[in-house]
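Structure at a glance
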Amino acid sequence: MDSYKDSVKRSIKENRDNTQKAIKDFFDRKKTEEVRLNAFKVCGTFNRENEIQTALEIANDKGEKISIRAAAMMGLVNYAKNSESFVEDLIQKLGNAETPEMLKSAILSVLQASTFGSAPLSSRMPSYNQALRSVLETSNSEETRLRAAEYLALKKDEYVQRKLMDGLSNPEKGMVPPEVAIQLLSYDLHSEVYLVLRKIAANPPNLRTKKEALRNLTHDTNPESIGLLLKTFNDKAENEEVRHLCAVGLQSLDPKLLQESVKNALLDKSENVELQVALLNTLNYSANTTLTDEDLGFQRKLQNFANASKSEKLKKTYQQYADTKLKNFK
Amino acid sequence: MNRNTPEEDIAGEIDRAKASKTGRDFLLKLLDKSQEIYAGRASYQVDRIRGYAIASFEVVGLSELALPHVLEELDNGHSPYLIAASAKALRGWRSKDIFPSNFLIKALTNIGHKDDCTSFESYWPNAKPSGVTTATREILLTLQWMGGRAKDSLVFLKRFRNGEIYSISSENRQLVQETIDKIYHSNSFTGSCCQVVSSKQLPKYLTIKSLMEIKLQDQEGDILRFKDFFAGHLTVVVFFYTRCDNPNRCSLTISKLAQIQTSLSNKGLSRVRLAAITYDPSYDINTRLKEYTLNRGLIHNDNCKVLRTLEHRQNQIADFFNLQVNYRDTVVNHHSIELFIINSNGYVIQSFTQFEINSEDVVNAIEKCHLNFSNRSNYISHFANGAISYLMLLFPKCPLCWATYMSALGLSGVSWLNYDPNLIWVLSAFAAINMALIFFRLRSQKSYALFFILLASYLLLIGSIVFGLPVMWRYIASGLIAIFTFWYILAVQTVWLEEQWDKLKLRLLNYRT
Amino acid sequence: MSLEILINNSSDGKSDYVTWTPTPCKITSSEPNGVNVQLSNSSTNGGQVVFFKDLQSQQSNGLQLVIPATGEANFFIAGKFDKQTGQSYASKNDKDCVISARDASNTLLSEKSLMVRVRKNANELSAQERDRFLSAMVRLNQMGKYVELQNMHLSSSSEEIHERSCFLPWHRAFLLDIERRLQKIDPSVTVPYWKFDESANNIFDGDFMGEPDSSGLVEFTNTNPMINWKLQLFGSGNGTRIRRRNLSNNVPWDPRLTGAIAVNNSEQQTLGLGSIFSQFSTMEIDPHGMAHVSFTGQISNIGTSPADPLFFMLHCNVDRLWAKWQWVNNHFDELNNNTYPNIGNGNPSRGGENGIGNFTKDTMWPWNGVNVRPRPSTAPGGGMPNSAVISKPGKTPQVGNMLDFHGANSLTNNLGFAYDDVPFESTNIINVIASV
């Protein structure tokens, strides 16, 4: 007999027994909050009918500790797969300003996870979206508001996009920091944010925002955007991460233009080594690099430069680059 | 109103148009996707403006010109707001005998689980709007409003209610049941529909000669001129872009083109050329175009290419085909489905726009065109037409010209017949027919100046008779009619001559290649 | 004397890949009088195989074989999996498993390099294995061949592939699709799995799947190919980077230290959901959905989730759990409705549980190219990529093809992938289950 299979089966059975004990402890209202929450960690989901009923009672019992109610809600997540009434109740609670924040957060997890497999939730998507919009207006928890904003932004929701745009124009009204607003707005290529990116990049409130603005300019084939990316990349006083993301952007928009600048940066001893490593990495994974691949003079110089470098990272990255890109040169 | 007009101003104008009886023309204008007002805006702004305008047709009444735009959203739109607006707008449709319930059913299928809450009580979206509704709800309400005229949809609605199409919420189930009941218990006429004609009609005799020198790049990276691929070949051309986020439009259009390719090949028509041109040439570089179309089953070869314009010539193509597309900056913010068939003489002979492409219809149209082309007697008739056309310059050649001559001569002679009161009405009727024919002819060329001059001359003539003005006015009016009618004949024939010359050039070009 | 060992009965080097499933091989010799050979593993560092004279014989670490005068002898090999201890002997590098053929005097007559290629725990990959995977992923993306995988898994296609029984088979096919695409770039690559009920300090590291900054944007080290990752979703900006904020349900969570924060069901609890498919498939929400929403960012939303390559590692674990459940319960037979509830053909005019695409004999969208409702309105991606190793499931797979993935009922069903902790087992193929 295979003892490996036996041991797997045995562990499933043992786990089932432990789970039953943990569920019993979690349901036991006489036990302390700490004991019950510790027990919940190994409960898994509530699957049996009687477990589901008890967990529902706990989740809806206003006399229970909020943390216990929230845990019960999390454990009921698989019940959302088929129960219409449960899903309806969750949506109603999520949109209700009176629902305690901790409970709201748990409901948000349960509902969003249920978008991955609950038919009752799919058929109530309009109400769920509306509840998410309510969360933006009514939740006191920044974290919960941010999650709701992200779930809506991922669906290219107009309401949240307008709200984020308002925040970008009036930072005091912003519900998230500007760099996050740009990230969320950029989920929709067709959003308004792309119209203001160049302006933000020219006058950013902080480095992160600048990075986000420049990174998202990559969608824009406008020569002004390309010019801005190139100028920023060539500016040695600029932060090296910012310069590299400009290179990645240019690699999509104008690979030829990028390669000319990259050649100079790679052979420049005064350049930041981290940037050079990143640029070599980017060249390695670029599809259209004939200008650098076929420039034998540049390749010789680059080989010498990498060999002479004290940076192990640079040497290793050069080797990877040479292995894949320079078969002809060899 | 233009790209810089703030949304609140546009919304205000739509509200005013909704309140006035004459506002329909303004709303109708907003349905054209290529309008300047949509340029430079995000997609959600475009959708909001269009959706708000479309929903207003419920109040002002939906005209035949607006109907295709509304049906387009139901057919292949994916914005719950626009679909809900379109369903509402249909309730402004006054035709009693036919009704496009099939489009509503298609919209229900399309919307699936992507529906959303929305409201039309005010322009701006709101977290807690009053009058909240959904696309599904509006579609069902419109079906209820149709009553017995939606009987064709009962089979679908029962399956929808039972969750056989996709899972359905209890409140929607109840609404579907109410809809079924209302349709059942309605006594109104059961009509089915619908051969809806696209609102976009390209002018007749539109020739691609002005595009011939435009530089293109194909999916392999090879550079060619427009004429290299299109001249002398029967061609199907579609427009799309790879960043389109409505799978019912671009992605499906390319899949349909692949189906057309297979059908043509099965029918021995694989020499018909197929072209897919991107709306977004700066982003859609050849490698992207190749992967995208390959993944949708299109086989690239000498007769099938995916193309992007070079040297910023996209506008020229957009203007030529009157493409229903607009841009935020360099990114498309909305567009329609667009397919055209261009014959081997370079004339756009058929358009399939706005609605999901039916590959069978396209293949049938190609077959028909191919048959016409391969019929040699056609060449003779072309030649005969050419010869006759010169005679037409001097002789009356068609009912239009008869009406023209008769009314022109008749009306100018009216001054000598002013004692016969009945004849003036007969001749006025000729004048009306003449003016109508001239109007329709000139409308296709978008040239109305001549029409208005002639109209003014006729009015002057008739007015001078009716109000008993001095005879001199009748002579002046008659003279004007004679001069401008002849001018009109010349103008029409000049265009015709020009077309014949273009055809000849294309033939020569084709012969060379 | 020339001797040649053919894996998968083919002299093509692309066929030299095996899993735990017995693979037909042959050895040819030019010796006119026949020859006796001893086959064995000759490398102790790389992958290991076991040998079978035929499918009726017990497996062994070495095999005595007589090559007759006809010059050809058949045998089988499989990757070595010790069913006593559960230890597996998969390769770490391409073709690091070497079989030698020696004569009676122990003279080496021939050697054959191959790879025991299985899916592994991503957290335990060697640096080379990790880098090969990342490199192939980024190259796939750069070639424009990743975007179509994303476009298969959109909100508009969700009803076809979620909320019904085909969720597990469909995602198995989806994984097979990307894995075969990756293997065309680097045949030594498999999709690794993120065991989301355990800590994963190596996965959520700048050298692998990256670490989020305070805004949630994932950052990578400069040597990680992922710094070149581009999102190319339908209608999404291509400058967008992966966002993957660790969820903090009142307390901060770090996936490097504990399993996915929102997941309730551990591996044992998932395997213990029930022994019939309809019970087990509730895992679609927990752990599957809960693993997705343990972060915010693309991964937390159906229509955008494959934009984050973690998606495939998450789903690889979902699939591993299903594979393990199948093995524990011996559910490989597509005619057994405990293995899969919908046998035969679905109603072609219906979606949902009773509809087309959810029954064993139904072809699977989008590989079938069907874009007529109730299927989604577009079918991107082309057919299922072929494999240099095996022929199943073909260009247009059926739901039923996904069930007997090891070929337990018939070796011809083998799909050519396996997990490092799920051995091959068959009750139909005589003696193959016999232990070492």
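Looking at the overall build of chain B
For chain B, the count of helices and strands is 19 helices and eleven strands. Of all intrachain contacts in chain B linking residues separated by at least 6 positions in sequence, the fraction that spans at least 24 positions is 72%. Working note: accessible area of chain B is about 22,600 Å², and carbon and sulfur atoms make up 58% of it.

So, the sheet that holds strand β2 (residues 17-18) of chain C
All names here are of chain C. With mixed pairing, five strands are arranged side by side in an open sheet as β2-β9-β8-β4-β6. The strands lining the two open edges of the sheet, one partner per strand, are β2 and β6 (62-67). Of the pairings in the sheet, the one linking β2 to strand β9 (residues 108-116) comprises two bridges and is parallel in character. Looking at the pairing, Val18 lines up with Val116 of β9.

Comments concerning the interface of chain C and chain B
Taken together, the 23 residues of chain C in the interface contact 28 residues of chain B. Here chain C packs against chain B, burying approximately 2,000 Å² in sum over the two surfaces, 41% of which is carbon and sulfur. Here chain C is connected to chain B by four salt bridges. Across the salt bridge formed by Glu356 of chain B and Arg373 of chain C, the nearest N and O atoms sit 3.9 Å from each other. Between chain C and chain B we count ten residue pairs in polar contact (both at pLDDT 80 or more) in total. Taken together, the residues that form the side of chain C that touches chain B break down as four nonpolar, 13 polar and six charged.

What about the environment of Leu459 of chain B?
With respect to the helices and strands, the residue Leu459 of chain B is situated in helix α18 (residues 449-466). Along the primary structure Leu459 of chain B and Ser428 of chain B are separated by 31 residues, whereas in three dimensions their C-alpha atoms are 9.9 Å apart.

Comments concerning the pattern of salt bridges
Taken as a whole and assessed by the stated rule, the structure comprises 80 salt bridges over all chains. We note a salt bridge from Lys93 of chain A to Asp89 of chain A, for which the minimum N-O separation is 2.7 Å. With a gap of four residues between them, Lys93 of chain A and Asp89 of chain A both fall in helix α5 (residues 84-95), about one helical turn apart. Given the relative accessible area of 26%, Asp89 of chain A is considered partly exposed. Residue Glu164 of chain B is joined to Arg159 of chain B by a salt bridge in which the shortest nitrogen-to-oxygen separation is 3.2 Å. Judged by its relative accessible area of 16%, Glu164 of chain B falls in the buried class. The class of Arg159 of chain B is partly exposed, set by a relative accessible area of 21%. The network of salt bridges with common partners includes Lys195, Asp197, Glu198, Glu267, Arg320, Lys324 and Asp421 of chain C.

Some remarks on the environment of Ser101 of chain B
Residue and element names in this part refer to chain B. Take Ser101: it is sitting in helix α6 (residues 101-111). The spacing of Ser101 and Ser86 is 15 residues in sequence and 12 Å in space, taken between C-alpha atoms. Beyond its immediate stretch of four places on either side in the chain, Ser101 contacts Leu143, Met146, Ala150 and Asp152.

Describing the sheet that holds strand β3 (residues 23-29) of chain C
All names here are of chain C. Read from one edge to the other, the open sheet built from four strands follows the order β1-β3-β7-β5, with strand pairing classed as antiparallel. Looking at the sheet topology across the chains shown, the edges are occupied by β1 (3-7) and β5 (49-52). Strand-to-strand twist in this sheet, taken as the mean axis angle between neighbours without regard to direction, amounts to 30°. Where β1 lies against β3, five bridges are found, and the strand directions are antiparallel. Its bridge partner lying in β3, Leu3 is registered against Ser29.

Observations regarding the nonpolar core
One finds Ile27 and Trp194 of chain C to be the most contacted residues of the largest nonpolar core, which totals 221 residues. Here Ile27 of chain C is in contact with Leu3, Glu4, Ile5, Val37, Leu39, Leu65, Ile67, Gly71, Glu72, Ala73, Phe75 and Ala101 of chain C, once residues within four sequence places are set aside.

Points about the interface of chain A and chain C
Quite often, the size of an interface is put as the accessible area lost when its parts meet. Opposite the 77 residues of chain A that make contact, chain C presents 73 residues. Both sides together, the interface formed by chain A and chain C hides about 6,100 Å², and carbon and sulfur atoms give 51% of it. If you sort the residues of chain A by the area they bury against chain C, Tyr4, Phe116 and Tyr285 of chain A come out on top, with a joint share of 16%. Linking chain A with chain C are six salt bridges, by the criterion used here. With its nearest N and O atoms 2.7 Å apart, the salt bridge here joins Lys81 of chain A to Glu284 of chain C. There are 37 residue pairs in polar contact (both at pLDDT 80 or more) connecting chain A and chain C. Considering each element in turn, the side of chain A that touches chain C owes the most residues, ten residues, to helix α1 (residues 3-27) of chain A.

The rules behind each value
- Residues numbered from 1 in each chain as written.
- Chains lettered and ligands numbered in written order.
- Predicted model: local features only at pLDDT ≥ 70, side-chain atom pairs only at ≥ 80, totals over all residues.
- Heavy atoms only, no water.
- Helix = DSSP H or I, 4+ residues; strand = E, 2+ residues; numbered from the N terminus.
- Contact = heavy atoms within 4.5 Å.
- Areas by Shrake-Rupley, 256 points an atom, 1.4 Å probe, with all protein chains shown as cover.
- Pairing = 2+ DSSP bridges.
- Buried area = accessible area lost by both parts, 1.4 Å probe.
- Salt bridge = Lys/Arg side-chain N within 4 Å of Asp/Glu carboxyl O.
- Polar contact = N/O pair within 3.5 Å; in protein donor to acceptor, adjacent residues only side chain to side chain.
- Nonpolar A, V, L, I, M, F, W, Y, C, P; charged D, E, K, R; others polar.
- Buried < 20%, exposed > 50% of the residue type's maximum accessible area, 1.4 Å probe, protein only.
- Axes fitted to C-alpha atoms, helices over the stretch in contact; angles between N-to-C directions.
- Core = buried A, V, L, I, M, F, W, Y, C linked by side-chain atoms within 4.5 Å.

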